[in-house]
Amino acid sequence: MSVIDNTILFVKQKLENAEAGHDWFHIERVYKNALLIAREEECDLEVVKLGALLHDIADSKFNDGDETVGPRIAREFLVGQNVEKEKIEHVVNIIENISFKDGNFEKKFTSIELEIVQDADRLDAIGAIGIARTFNYGGFKNRQLYNPNIPPKMNMTKEEYKNSDAPTLNHFYEKLLLLKDKMNTKTGKELAVNRHRFMENFLSQFYAEWDGEK
């Protein structure tokens, strides 16, 4: 089997019992998004595929905030697959630099492959799927749906963002609604528009129902 086939099997196995917003199906959607975006860009397609498949192999949210676990697991796997050293470093750099973290995370690495995978991941965080994932994770953490007495907190530090236990609806303002303007690629920007609008419509409906309006 190819390296990509082996990677798919590895990721499916590692994420078999993962939280639903960060499981194999999340990886599969990001993978498909990345392939869609990559059609319009000159890039190393194998790096894009490996980056998309391994980007959430060990999300720090589920590893006591340790951001080194994912890159380490990915590196060990790729070394075992005899992937070229240069490609391994590229994929690890993608994993280390893909996250949002309230937008205060300064990327220490840039490449078109990172931009593609990052856009693909961000697309899965917005729109209908993004809404479903957000409330699934909020339920997983036993957070309130909404509390009008707890406003969104903008411009948090990286640590504040990671440790926040605010109501789920705040996450729309603290992250999701910001992603459309943070897309890197032409295709990513185009796809984000409708998904962003869908979230805005959802929020309008949510508040109307919350307030008992017709």
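Above this note sits the structure.
The following paragraphs examine the structure supplied in this document. (Residues numbered from 1 in each chain as written. Predicted model: local features only at pLDDT ≥ 70, side-chain atom pairs only at ≥ 80, totals over all residues. Heavy atoms only, no water.)

## With respect to helix α1 (residues 3-14)
What counts, and what does not: Going along the chain from the N terminus, every DSSP run of H or I of four or more residues is numbered as a helix, and every run of E of two or more is numbered as a strand. In a helix, the anticipated span is given by 1.5 Å times the number of residues less one. For every residue, the accessible area obtained with a 1.4 Å probe (protein chains only) is divided by the maximum for its type, and the residue is called buried under 20%, exposed over 50%, and partly exposed between those limits. Note that the arc is defined by the directions from the helix axis to the C-beta atoms. Residues are treated as being in contact if the distance between any of their heavy atoms lies within 4.5 Å.
Its 12 residues place the ends of α1 16 Å apart at the C-alpha level, agreeing with the 16 Å of an ideal helix rising 1.5 Å per residue. For α1, the complete set of buried residues consists of I4, T7, I8, F10 and V11. Axial view of α1: buried residues confined to an arc of 165°, hence all on one face. Summarising the contacts, the buried residues of α1 are in contact with α2 (24-38), α3 (45-54) and α4 (69-80).

## Brief notes about helix α10 (residues 186-210)
To keep things clear, this is the line we draw: The bend at a residue is defined as the angle formed between two axes, one fitted to the seven residues ending at that residue and one fitted to the seven starting there.
Relative to the 36 Å expected for 25 residues at 1.5 Å per residue, α10 spans 37 Å between its end C-alpha atoms, a close match to the ideal helical length. Taking the largest bend as the criterion, α10 deviates by roughly 25°, centred on A192. All of the buried residues in α10 are T187, G188, A192, H196, M199, L203, F206 and A208. Next to the buried residues of α10 lie α2, α6 (112-123), α7 (127-140) and α9 (170-174). G212, located one to two residues past α10, shows a positive phi value of around 70°.

## Observations regarding unusual backbone geometry
Positive phi outside glycine occurs at N142, with the angle close to 60°. Within the secondary structure, N142 sits in the loop between α7 and α8 (158-163). The residue N155 is not glycine, and still its phi comes out positive at about 60°. Examined against the element boundaries, N155 turns out to sit in the loop between α7 and α8. The class for N155 is exposed, based on a relative accessible area of 72%.

## Quick look at the packing of α2 against α6
Two quantities define a packed helix pair, namely the angle between the axes and the distance from one axis to the other. Note the cut-off: To get an axis, fit a line to the C-alpha atoms, keeping to the stretch in contact for a helix; angles then go from 0 to 180 degrees between the N-to-C directions. Roughly parallel here means an angle under 35 degrees, roughly antiparallel means over 145, roughly perpendicular means 65 to 115, and every remaining angle is called oblique. Crossing handedness follows the turn of the near helix against the far one: under a right angle anticlockwise gives a left-handed crossing, and clockwise gives a right-handed one. Nonpolar residues are Ala, Val, Leu, Ile, Met, Phe, Trp, Tyr, Cys and Pro. Charged residues are Asp, Glu, Lys and Arg, and all others, Gly as well, are polar.
Look at α2 against α6: their axes get within 8 Å of each other, and the N-to-C directions meet at 130°. When the interaxial angle is binned, α2 and α6 end up oblique. Here the hand of the crossing between α2 and α6 comes out right-handed. Residue-level contacts link H26, V30, N33, A34, I37 and A38 of α2 to I116, V117, D119, A120, D121 and L123 of α6. Considered class by class, the residues forming the contact of α2 with α6 number 8 nonpolar, 2 polar and 2 charged.

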